[in-house]
Amino acid sequence: MPSMAAFQYCFSSPPVLILSFISFLFFSSFNVASSSSSLHPLAAGSAIKHGNHTGISEFRLINRKTHLQCVDVNPYLQITVSHAGSSLSDEEYVTVNVTGVLDPSISDWVAMITPSSSDVSGSPLSKILYAETGDLSNLPLLRHYPVKAQYLSNDPGYLSCRNMECKQSQYDGICLVRTCSGSLSFHVINFRSDVEFMLFTGGFDTPCLVKGTHAISFANPKQPLYGHLNSVDSTGTSMRVTWVSGDGGAQQVQYGNGNSQASQVTTFSQDDMCSSAIPSPAKDFGWHDPGYIHSSVMKGLQPSTTYTYKYGSDSAGWSNGIQFRTPPAGGSDELRFLAFGDMGKAPKDASAEHYIQPGSISVIDAMTEEVNSSNVDSIFHIGDISYATGFLVEWDYFLHLITPLASHVPYMTAIGNHERDYVDSGSVYGTPDSGGECGVAYETYFQMPIQAKDKPWYSMEQGSVHFTVISTEHDWLEDSEQYQWMKNDMASVNRSRTPWLVFTGHRPMYTSSIGLFSVDSMFVDAVEPLLLDNKVDLVLFGHVHNYERTCSIYQNKCTAFPVKGQDAIDVYDHRNYSAPVQAVIGMAGFTLDKFPDDVQDWSLVRISKFGYLRGHATRQELKLEFVNSGTKVVEDSFCIIR
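Residues numbered from 1 in each chain as written. Predicted model: local features only at pLDDT ≥ 70, side-chain atom pairs only at ≥ 80, totals over all residues. Heavy atoms only, no water.

Q: Is there a simple way to explain the overall build of the protein chain in this structure?
A: Scanning the protein chain for helices and strands turns up eight helices and 33 strands. Within the protein chain, the fraction of its 642 residues that count as buried is 60%. In the protein chain, of all internal contacts separated by at least 6 residues, the share reaching a separation of at least 24 is 74%. Total accessible area computed for the protein chain in this model is approximately 23400 Å², and 50% of it derives from carbon and sulfur atoms. (Helix = DSSP H or I, 4+ residues; strand = E, 2+ residues; numbered from the N terminus. Buried < 20%, exposed > 50% of the residue type's maximum accessible area, 1.4 Å probe, protein only. Contact = heavy atoms within 4.5 Å. Areas by Shrake-Rupley, 256 points an atom, 1.4 Å probe, with all protein chains shown as cover.)

Q: What am I meant to see in the packing of aromatic side chains here?
A: Any two aromatic rings considered together are summarised by their centre-to-centre distance and by the angle between their planes. Here the structure, examined in full by the defined rule, presents 31 aromatic pairs. Where Tyr307 meets Phe324, the ring centres are 5.7 Å apart and the plane angle is 25°; that geometry is what we call stacked. With Tyr307 in strand 15 (residues 306–313) and Phe324 in strand 17 (residues 322–325), this pair connects stretches of sequence that are 17 residues apart. The same class applies to Tyr307 as to Phe324, namely buried. Between Phe523 and Phe541, the ring centres sit 6.1 Å apart and the planes meet at 75°, which makes this aromatic pair edge-to-face. (Phe/Tyr/Trp six-rings, centres within 6.5 Å; stacked < 30°, edge-to-face > 60°.)

Q: What should I look at first to understand unusual backbone geometry in this one?
A: Note: most peptide bonds trans; most residues except glycine with negative phi. Despite not being glycine, Arg192 shows a phi value in the positive range, around 85°. Tracing the backbone through its elements, the reader meets Arg192 in the loop between strand 6 (175–189) and strand 7 (196–201).

Q: What am I meant to see in the nonpolar core here?
A: Nonpolar side chains tend toward joint burial in soluble globular proteins. In terms of nonpolar packing, the biggest core is built from 101 residues, with Val110, Phe197, Met343, Trp395, Tyr411 and Phe446 touching the most fellow members. Per-element accounting of this core gives the leading share, nine residues, to helix 4 (residues 393–406). (Core = buried A, V, L, I, M, F, W, Y, C linked by side-chain atoms within 4.5 Å.)

Q: What am I meant to see in the pairing of strand 18 (residues 335–340) here?
A: Successive side chains on a regular strand alternate, one facing one side of the sheet and the next facing the other. Most of strand 18 sits out of view: five of its six residues are buried. In the sheet, strand 18 pairs with strand 31 (residues 611–617) via five bridges, with the strands oriented antiparallel. Bridge pairing links Ala339 to Leu613 in strand 31. Relative to strand 19 (residues 378–382), strand 18 is paired through four bridges, and the arrangement is parallel. (Pairing = 2+ DSSP bridges.)

Q: Even after reading the chapter, I still don't get helix 8 (residues 521–533), so can you show me in this structure?
A: Along its 13 residues, helix 8 runs 19 Å from first to last C-alpha, staying within 8% of the 18 Å computed at 1.5 Å per residue. Of all the bends in helix 8, the largest measures some 35° and sits at Val527, one to four residues before the proline Pro529. Looking only at helix 8, the buried set comprises Phe523, Val524, Ala526, Val527, Glu528, Leu530 and Leu531. Its buried side turned inward, helix 8 meets helix 7 (481–491), strand 23 (500–504), strand 24 (538–541), strand 25 (547–554) and strand 29 (581–585). Where helix 8 begins, the capping side chain belongs to Asp520, and its oxygen is found 2.9 Å from the backbone nitrogen of Met522. Where helix 8 terminates, the next one or two residues include Lys535, which has phi positive at roughly 50°. (Expected span 1.5 Å × (residues − 1). Bend = angle between axes of the 7 residues up to and from the residue. Polar contact = N/O pair within 3.5 Å; in protein donor to acceptor, adjacent residues only side chain to side chain.)

Q: What is the right way to read the environment of Ile79 from this model?
A: Mapped onto the elements, Ile79 comes out in strand 1 (residues 78–82). Look at Ile79 and you get buried, because its relative accessible area is 6%. In this view, Ile79 contacts Val96, Asn97, Val98, Val110, Phe197, Met198, Leu199, Lys211, Gly212 and Thr213; residues no more than four positions away in its chain are not counted.

Q: I keep staring at the pairing of strand 26 (residues 557–560) and nothing clicks. Help me out?
A: Relative to strand 26, strand 25 runs antiparallel, the two sharing three bridges. In the sheet register, Tyr554 faces strand 26, and the bridge partner there is Lys557. Counted between consecutive antiparallel strands, the loop separating strand 25 from strand 26 contains two residues, among which Gln555 sits at a positive phi close to 50°.

Q: Teacher, can you tell me more about the side chain of Thr201 here?
A: Its place among the elements puts Thr201 in strand 7. Polar contacts involving the side chain of Thr201 include one to the side chain of Ser107, which spans 3.3 Å. In terms of polar contacts, Thr201 uses its side chain to reach the side chain of Asp108, at 2.8 Å.

Q: In this structure, what is going on with the sheet that holds strand 8 (residues 208–212)? I would like to understand it.
A: Hydrogen bonding along the main chain pairs the strands of a sheet, whether they run parallel or antiparallel. The strand order across the open sheet built from four strands is 4-3-7-8, with neighbouring strands paired in antiparallel fashion. Pairing within the sheet leaves two strands with one partner each, and these edge strands are strand 4 (144–151) and strand 8. The sheet shows a mean angle of 35° between the axes of neighbouring strands, direction not considered. As paired elements, strand 3 (residues 109–115) and strand 7 share five bridges and run antiparallel to each other. Looking at strand 7, one finds that Ala111 is bridged to Met198. Of the strands in this sheet, strand 3 and strand 4 are in contact with helix 4, which crosses strand 4 at around 60°. (Axes fitted to C-alpha atoms, helices over the stretch in contact; angles between N-to-C directions.)

Q: Explain the state of the cysteines to me, please; I cannot follow it from the model alone.
A: In protein chemistry, a disulfide is the covalent bond that joins the sulfur atoms of two cysteines. Scanning the entire structure with this criterion turns up four disulfides. Paired through a disulfide, Cys274 and Cys438 show a sulfur-sulfur distance of 2.0 Å. Of the two residues, Cys274 sits in the loop between strand 13 (264–266) and strand 14 (292–298) while Cys438 sits in the loop between helix 5 (417–420) and helix 6 (440–445), which places them 164 residues apart along the sequence. (Disulfide = S-S within 2.5 Å.)

Q: How should I be thinking about the pattern of salt bridges in this particular structure?
A: Pairing is possible between side chains of opposite charge, provided their charged atoms come close. All told, the structure shown has 24 salt bridges when counted by the stated rule. Between Glu369 and Lys632 there is a salt bridge, and its shortest N-O distance comes to 3.0 Å. Of the two residues, Glu369 is situated in helix 3 (residues 360–372) and Lys632 in the loop between strand 32 (621–628) and strand 33 (634–641); the sequence distance between them amounts to 263 residues. Linked through salt bridges whose partners overlap, the residues forming this network are Glu370, Arg614, Lys623 and Glu625. (Salt bridge = Lys/Arg side-chain N within 4 Å of Asp/Glu carboxyl O.)

Take a look at the structure:
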């Protein structure tokens with residue numbers, strides 16, 4: 001009998017004019033994603049241009065592949081979905097069953113899709129502009145958004161036809177037609193729009209649609225979900241909670257003993273996304289309706305105190321009651337915090353997604369244990385937050401993933417290149433790293449106490465620490481608004497109130513890892529003198545995907561080295577201050593960067609493993625530990641004393 005693959009009437013169309021690559025020609029010197037060598041020839045060339053910016057992969061290009069409907073002459077073939085009820089709950093694993101397959105192929109796969117607003121009309125010439133995704137096909141694969149996909153070979157019995165069924169027999173019992181089947185488990189969360197599952201053959205390279213299921217709705221697409229907290233000032237007496245709902249009507253947060261606050265409601269649209277001569281994913285085929293983002297500030301709280309809250313409304317639904325703890329007030333004696341960058345998300349099933357950060361789940365699980373033990377007052381995520389990069393439904397998956405952390409303690413963030421950067425959008429770096437989001441989604445979901453819209457820098461005092469949080473993606477030159485703010489903020493710190501000054505942003509000043517834009521010398525020249533002038537104790541950056549700690553450093557030279565203290569911990573003595581200690585902490589999820597064999601003497605510790613930084617500040621000591629998220633073992637410890 002003919003196989004499903006035999007009914008491929010689809011093909012990838014030949015390249016046409018490649019004029020849209022010209023404007024991105026200078027990206028060719030960037031690191032090429034390691035997966036580019038396995039890409040289809042039509043995609044592999046573009047990976048050079050877009051290697052680390054839009055996460056080129058076979059699946060990420062799937063919207064823009066040419067396809068025709070397969071001719072389905074198999075009367076036995078079925079695709080069905082098994083789940084708990086007639087509609088989907090807010091989170092569940094659904095089983096997709098493909099039965100009646102005559103000849104299983106390694107190229108057979110199932111996509112989970114949801115409606116999209118992608119405009120697929122227009123002349124073939126306009127389709128060239130989708131080269132930003134690396135694909136030069138004439139037509140898109142789907143008019144719908146493929147959230148994730150799995151090959152049926154993920155079922156170990158599929159290719160071997162372990163679950164064989166006889167569909168037609170002779171009179172003597174000899175089976176004439178045997179069919180095979182396979183099952184896949186998909187992790188589904190409530191992102192408000194209907195879900196369908198579609199069966200393809202031909203792999204991701206030459207996909208051919210065979211059959212699909214009916215649309216499945218969520219039981220309550222209005223359900224308030226993914227609540228996360230952040231501080232709004234340094235008093236510890238107010239806390240913002242932000243959540244997502246399919247309902248734009250009035251909702252509220254209820255907390256403490258009968259207190260409540262109404263929510264402020266906002267959202268964003270395709271018109272808010274950035275684009276250029278090359279259409280961005282966020283503007284077109286990556287767009288997914290974000291619903292409504294509600295935010296409310298809980299007031300009248302006490303610092304370092306545990307409360308319970310819930311959010312929602314009678315009409316849309318309510319969250320469960322959630323315990324949270326306010327941070328210590330600025331100027332108090334002690335703070336325990338976690339810090340990291342570049343985390344993103346990964347699927348909780350075996351699916352391919354548009355952009356996967358493989359270490360994210362282990363890091364979140366390890367930090368959740370710390371939060372549940374009540375040993376964490378606050379969390380700082382310093383850039384490259386979700387890596388949605390223009391595929392908007394992935395913000396929902398990210399918010400779902402961090403809920404066990406961010407719903408219980410303040411989750412403070414800094415903006416990174418994958419939230420903000422895009423061509424001609426006002427970012428310092430004109431790369432397409434945000435996929436067209438241009439900071440809009442980030443600032444809507446994470447409403448930090450910033451200066452104004454698209455001015456995402458702020459400071460915060462918690463316990464004995466003053467945190468100065470900047471944007472490396474906005475102008476930081478000496479005549480810029482942000483530079484003057486940095487200068488004034490750090491100069492105003494009362495070191496008797498908050499003896500520790502910690503400076504954070506996304507792109508580093510020092511790293512041993514090799515990359516064209518890993519370190520911007522102009523940024524170092526402009527901002528590093530401010531760190532020395534204001535006696536910054538600790539500088540934390542991400543962007544580079546590993547952990548690295550320096551000596552006390554200024555202008556690429558060590559001004560002092562730590563000495564070994566108790567338990568062989570490195571101790572930096574800032575009673576005789578000479579320069580800040582700097583650390584890269586971008587090891588929280590994204591594929592790790594390796595270190596070169598030769599490094600400079602300012603690099604004291606280098607670890608290329610997934611993990612996070614644990615901090616404990618008293619008035620006399622600031623202690624930091626790198627925690628390996630896989631083993632929970634502390635692999636580097638240092639402290640600063642004064």
